Amino acid sequence: MKRLALICMIAMTAYSCKSTQNQTHQQDPVTYAKSITSADLNDYLSVLASDEFEGRETGTPGQKKAAEFLSNFYSSLNIAGGDHTDDTPYLQEIPSEFYNDRFGDSENIIAIIEGEELPNEYVVISAHYDHLGMKDDEIYNGADDDGSGTVGVMEIAEAFKKAYRDGNKPKRSIIFLHFTGEEKGLLGSKYYTENPIYSLDNTVANLNIDMIGRRDDAHQNNGNYLYLIGSDRLSSELHQISEDANATYVNLDLDYKYNAEDDPNRFYFRSDHYNFAKFDIPVIFYFNGVHADYHKPTDTVEKIEYNLLEKRTKLVFYTAWELANRDERPIVDNPTLDK
Ligand SMILES: [Zn+2]
């Protein structure tokens, strides 16, 4: 009896060791979410939305400075550039002809962490880094629009890289995309999706952040919210993944008001995710709503609520973690295209 018990114990230990080993691949993402902090977000945004970057207007020196800042960030983390057509792998160059020469050449910024098991499937996490530039000597710093999303993507990239270094490599590849030309009419994302570096058919989802550092009038008394737009339009599974990530880890009040098909603001069509959605790639658009400083020179860093920015960034991270590591990509059960 004793001997049998001992054998059982050895067998059980071996079994539990094995199951622990299998789990390492998708180890608790909480460890890595902890590296997403208000302090880091504040540090990065204080540079990106400073006067030195002159409002980051597409094709101007300020936008180029922001591009260099982002490239240096990914390079310092040893996260690879995503465009290997030339010797500037972090830059996807967009020629001015694409804009009918209305502005100078400009650049999307692209970086990638390769997946271990399904490297040819991609989760795209995006935000636009351009803004309105300067008018009459006034600088439009765009701290919320979309400095907040830009630094959010940076922190998410850092968290995934930490996991990678610990051996928790994602199953799928994760692409970090910072679009230019958004304020000129979603042009950076239009260019990327018309000239994709990575297969759009194998792009399993796009999580796009545009303004997540402030609150709108409707939420003056409770900032613990976020508008989500588009999550259920193409894939009910994506919507469920997002809801589960929020309920398990973050507990924000997710507000779907602007997701209504008849919403007069039509936000679903108004940021970069739409250029993915039109190819039937499931998207989620993360948004805090508009406020008094929207598209004004007063959209500045000291008005950002960093605790909210941190929490909302974590929601995107947890959702991306699940998308990158689950066995199957989300099913598109409500396609709009005939394929
Ligand atoms: Zn924006």
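Remember, predicted model here, so these are calculated numbers, not experimental data.

Colleague: Explain the overall build of the chain here, please?
Modeller: The number of helices and strands found in the chain is nine helices and eleven strands. The C-alpha radius of gyration computed for the chain amounts to 21 Å, which stays within 12% of the reference 20 Å derived for 339 residues, consistent with globular compactness. Overall size of the chain, expressed as C-alpha extent along the three principal axes, is 90 × 50 × 45 Å. In the chain, which comprises 339 residues, the share counted as buried stands at 49%. For the chain, the share of sequence-separated contacts (at least 6 apart) that also reach a separation of at least 24 residues comes to 82%.

Colleague: When you look at the confidence of the model for the chain in this model, what are you seeing that I'm missing?
Modeller: One rule of thumb: low pLDDT means the predicted coordinates there are not for detailed reading. The predicted model of the chain averages 93 in pLDDT, with 92% of residues at 70 or higher. This stretch, residues 1-25, has a pLDDT under 50; its non-local contacts, to residues over four places away or in other chains, come to three contacts.

Colleague: What should I look at first to understand helix α3 (residues 38-48) in this one?
Modeller: Count 3.6 residues to each turn of an α-helix, and residues three or four apart come out pointing the same way. Among the residues of α3, L41, Y44, L45 and L48 are the ones counted as buried. For α3, the buried positions fall inside an angular range of 95° around the axis, keeping them on one side. Within α3, the exposed residues directed more than 90 degrees away from the buried face are A39 and D43. Where α3 is buried, its residues meet α4 (61-76), α5 (143-165) and α9 (306-325).

Colleague: Help me understand the packing of helix α7 (residues 236-250) against α9, please; the structure alone is not making it clear to me.
Modeller: Axes are the key here: two packed helices are described by the angle between their axes and the distance separating the axes. For the pair α7 and α9, interaxial distance at closest approach is 9 Å and the crossing angle is 125°. It follows that α7 is oblique to α9 by the angle criterion. In this structure, the crossing between α7 and α9 has a hand that is right-handed. On the side of α7, the interface is formed by I241, S242, A245, N246, Y249 and V250, while α9 contributes K311, K314, L315, Y318, T319, E322 and L323. Of the residues in the contact of α7 with α9, the class split is seven nonpolar, three polar and three charged.

Colleague: Just to check I follow, could you spell out the packing of α3 against α5 for this structure?
Modeller: Viewed as axis vectors pointing N to C, α3 and α5 meet at an angle of 130°, and their least axial separation amounts to 9 Å. It follows from the interaxial angle that α3 and α5 lie oblique. The crossing of α3 and α5 is right-handed. Here D40, L41, Y44, L45 and L48 of α3 come into contact with α5, specifically with A143, G147, T150, V151, M154 and E155. Broken down by class, the residue content of the contact of α3 with α5 amounts to seven nonpolar, two polar and two charged.

So, how was this worked out
- Per chain, the residues get numbers from 1 upward, laid out in the order the sequence is written.
- Local features in this predicted model are restricted to residues whose pLDDT is 70 or higher, and side-chain atom pairs enter the listing and the counts only when it is 80 or higher, whereas totals over whole chains, interfaces and linings include all residues.
- Only DSSP runs of H or I with at least four residues qualify as helices, and only runs of E with at least two residues qualify as strands; both kinds are numbered from the N terminus onward.
- Each radius of gyration reported is based on C-alpha atoms, and the globular scaling rule is 2.2 Å times the count of residues to the power 0.38.
- The burial criterion counts other C-beta atoms lying within 10 Å of a residue's C-beta, which is placed from the backbone; the residue is buried at 20 or more, exposed at 12 or fewer, and partly exposed between these limits.
- For every residue pair, C-beta atoms are placed from the backbone, and the pair is scored as a contact if these atoms sit within 7 Å.
- A score from 0 to 100, pLDDT tells how confident the predictor is in each residue.
- This arc is built from the directions going out from the helix axis to the C-beta atoms.
- Think of each axis as a best-fit line through the C-alpha atoms, taken over the contacting stretch in the case of a helix, with angles from 0 to 180 degrees between the N-to-C directions.
- Oblique is the label for any angle not under 35 degrees, not over 145, and not in the 65 to 115 range, which are roughly parallel, roughly antiparallel and roughly perpendicular in turn.
- The handedness criterion is simple: a crossing whose near helix is rotated anticlockwise from the far helix by less than a right angle is left-handed, and one whose near helix is rotated clockwise is right-handed.
- Just so you know the grouping, Ala, Val, Leu, Ile, Met, Phe, Trp, Tyr, Cys and Pro go in nonpolar, Asp, Glu, Lys and Arg go in charged, and all remaining residues, Gly too, go in polar.

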